[in-house]
Every structure is written in C-alpha cells, then in structure tokens.
Amino acid sequence: MEDPRRSSPAFTRNAEPILDVLARLLPDDGLVLEVASGPGEHAAFFASRLAADRTVWQWQPTDLDPDNLTSIDAYARAVDRGGQILLPAKRLDATEEDWPVARAAAMVCINMIHIAPWAACEGLLRGAGKVLAQGGPLYLYGPYKREGRHTAPSNEAFDASLRARNPEWGVRDLDDVSALAAANGLRFEEAVDMPANNLSVIFRKL
C-alpha cells in the first residue's frame, strides 16, 4: 500500500525552533487547535514532543486539502496509536463562519497567511477571537513585513514569487495583521526572530 504521508521541505528547518517557542507558550492542559496543518509533520512532531510534560492535553490538526487530511492521520498513527493526544484531522476552511472546533486553549498556524488570500487571514483571526478561551495564545509563524518594509531581500523575492503565482497571496505586514487581531479581541504580545527571516508572532485573547 502506498504511504499517504506527504512531506514539507520547511519542516526540517523550522520544527525545532518553533518547538522551543511553543514549549514555553502553550498551556499545560486543554486543546490546541492547529489551523492549516498541511501534511501533518508539525502536528505529529509537536504532539509527541510536548505531550510528555502535560497531563490533560490534546492537539487538533485541521486542513482544507483532503489529501493533507489523509497524510495528517497517517502521521498520527505513527506517533499516537491510541489517538488520545493527536486527534483525527478535521476539515477547516478559515474563511467559513462555522468551524468544527468550538473552544480551544491555544491556536497554532504555521506558514498559511502568506500562501492564501487575505480573506483567510481575516477568517483565521475572526475564528481565533471566537474559539480561543480568555488568555489563550494564538501562535503564527512565517515571513512578515515590518512597518511596510521587507526584513530581508530574500523575503522580498519570495513575496514577488508568491504574487506571481497568485495575486491574492503575499507576505503580510505585521501591523496589518496586528490591527486585524485587535479588532477580534486579540492583543499582540511578542514577535520572535526565527530561521530564514521568519517570525514567531504571538497574540493573546483578551
């Protein structure tokens, strides 16, 4: 039988640095909702590494692509045979009003908002404002402009390549994302420099 697990080239580069941030950020119990889990490598890695120090804790992966949902569940079977920590993947379209998860202690979204229309970022932050418990963190990872400017020539080139593929895609300005977050009851907390000129951006539900 063909292995349904997909792979992401960025995973090996960013998994450990992201883990370092999540380890200090995520709560010790509750549900972590991951939006746009992609192939599922991050979900499997974080769930297996972080659950050891947490008692009542679950990771809910989601994605829009049916093939990614299949891949996520294949990764989950490899690391969590009981299905108690890494839950079965759910379909989630961030732009839709109704999400398949009603409440989460924390949310994680890696490398989505620049490879999606702005409406997906709007939906993500609107959903976070509804789903996150008070005080719950929203963790975003990816490239950002700061004060309207790219932080590195490589990010500028990447932005141009994204927009050439789809005019609705592109590297977002952190000020625009923060303003949208504030409109949905989320307070900007910090931005952490990461590999390849990316940022870990942390918001918290008021």
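Refer to the preceding data block for the structure.
Residues numbered from 1 in each chain as written. Predicted model: local features only at pLDDT ≥ 70, side-chain atom pairs only at ≥ 80, totals over all residues. Heavy atoms only, no water.

Chemist: Explanation requested: the packing of helix H1 (residues 11-25) against helix H2 (residues 41-50) in the structure shown.
Modeler: Two numbers describe a pair of packed helices, the interaxial angle and the distance between the axes. At their nearest, the axes of H1 and H2 sit 11 Å apart, and the two run at 40° to each other. It follows from the interaxial angle that H1 and H2 lie oblique. Here the hand of the crossing between H1 and H2 comes out right-handed. Across the interface between the two elements, Phe11, Asn14, Ala15, Glu16, Ile18, Leu19, Leu22 and Ala23 of H1 pack against Glu41, His42, Phe45, Phe46, Arg49 and Leu50 of H2. Residue classes in the contact of H1 with H2 are distributed as nine nonpolar, two polar and three charged. (Axes fitted to C-alpha atoms, helices over the stretch in contact; angles between N-to-C directions. Helix = DSSP H or I, 4+ residues; strand = E, 2+ residues; numbered from the N terminus. Parallel < 35°, antiparallel > 145°, perpendicular 65-115°, else oblique. Left-handed = near helix turned anticlockwise from the far one by under 90°. Contact = heavy atoms within 4.5 Å. Nonpolar A, V, L, I, M, F, W, Y, C, P; charged D, E, K, R; others polar.)

Chemist: Where do I start with unusual backbone geometry in this structure?
Modeler: Of all residues except glycine, most have a negative phi; of all peptide bonds, most are trans. We note that Glu147 has phi near 55°; this positive angle belongs to a residue other than glycine. When you line up the elements, Glu147 lands in the loop between strand E6 (144-146) and strand E7 (149-150).

Chemist: I keep staring at the pairing of strand E9 (residues 186-194) and nothing clicks. Help me out?
Modeler: A regular strand places its side chains so that they alternate between the two faces of the sheet. As judged from the eight bridges shared by E9 and strand E10 (residues 198-205), these two strands associate in the antiparallel manner. By the bridge assignment, Leu186 is partnered in E10 with Lys205. Where E9 hands over to E10, the hairpin turn is made up of three residues, of which Ala196 adopts a positive phi near 60°. (Pairing = 2+ DSSP bridges.)

Chemist: What is the right way to read the sheet that holds E10 from this model?
Modeler: Hydrogen bonds along the backbone pair up the strands of a sheet, which may run parallel or antiparallel. What the seven strands build is an open sheet, ordered E3-E2-E1-E4-E5-E10-E9; its pairing is mixed. Looking along the sheet, the strands with just one partner apiece sit at the ends: strand E3 (90-91) and E9. The strands touched by H1 within the sheet are strand E2 (57-63), strand E4 (106-110), strand E5 (137-142), E9 and E10, with E5 carrying the most contacts at an inclination of about 165°. Lying on the sheet, H2 is in contact with strand E1 (30-35), E2 and E4; it crosses E2 at an angle near 175°.

Chemist: Would you take a moment to explain H2 for this structure?
Modeler: Because the α-helix completes a turn every 3.6 residues, residues three or four places apart line up on one side. Within H2, eight of the 10 residues are buried, which leaves it mostly tucked inside the rest of the structure. Of the positions making up H2, those classed as buried are Glu41, His42, Ala43, Ala44, Phe45, Phe46, Ala47 and Leu50. Buried-residue contacts for H2 involve H1, E1, E2, helix H3 (66-79) and E4. (Buried < 20%, exposed > 50% of the residue type's maximum accessible area, 1.4 Å probe, protein only.)

Chemist: How should I be thinking about the state of the cysteines in this particular structure?
Modeler: A covalent bond bridging the sulfur atoms of two cysteines is what the word disulfide describes. Overall, the coordinates contain zero disulfides when judged by the stated rule. No disulfide involves Cys109; its sulfur sits 8.5 Å from that of Cys121, the nearest cysteine. We classify Cys109 as buried; its relative accessible area is 2%. A residue is classified by how much of its surface remains accessible, and Cys121, at 0% relative accessible area, is buried. (Disulfide = S-S within 2.5 Å.)

Chemist: How do you make sense of the sheet that holds strand E8 (residues 172-173) when you look at a structure like this?
Modeler: With mixed pairing, three strands are arranged side by side in an open sheet as E7-E6-E8. One side of each edge strand has no neighbouring strand; the edge strands of this open sheet are E7 and E8. Where E6 and E7 come together, two bridges link them in antiparallel fashion. Across the sheet, the residue bridging to Arg146 is Arg149, located in E7.

Chemist: Hey, could you run me through the environment of Ser200 in this one?
Modeler: As for its position among the elements, Ser200 is in strand E10. Separated by 76 residues in the primary sequence, Ser200 and Leu124 have C-alpha atoms spaced 16 Å apart. Leave out the neighbours within four places in its chain, and Ser200 touches Val21, Tyr139, Leu140, Tyr141, Glu190, Ala191, Val192 and Met194. A distance of 2.5 Å separates the side chain of Ser200 from the side chain of Tyr139, its partner in a polar contact. (Polar contact = N/O pair within 3.5 Å; in protein donor to acceptor, adjacent residues only side chain to side chain.)

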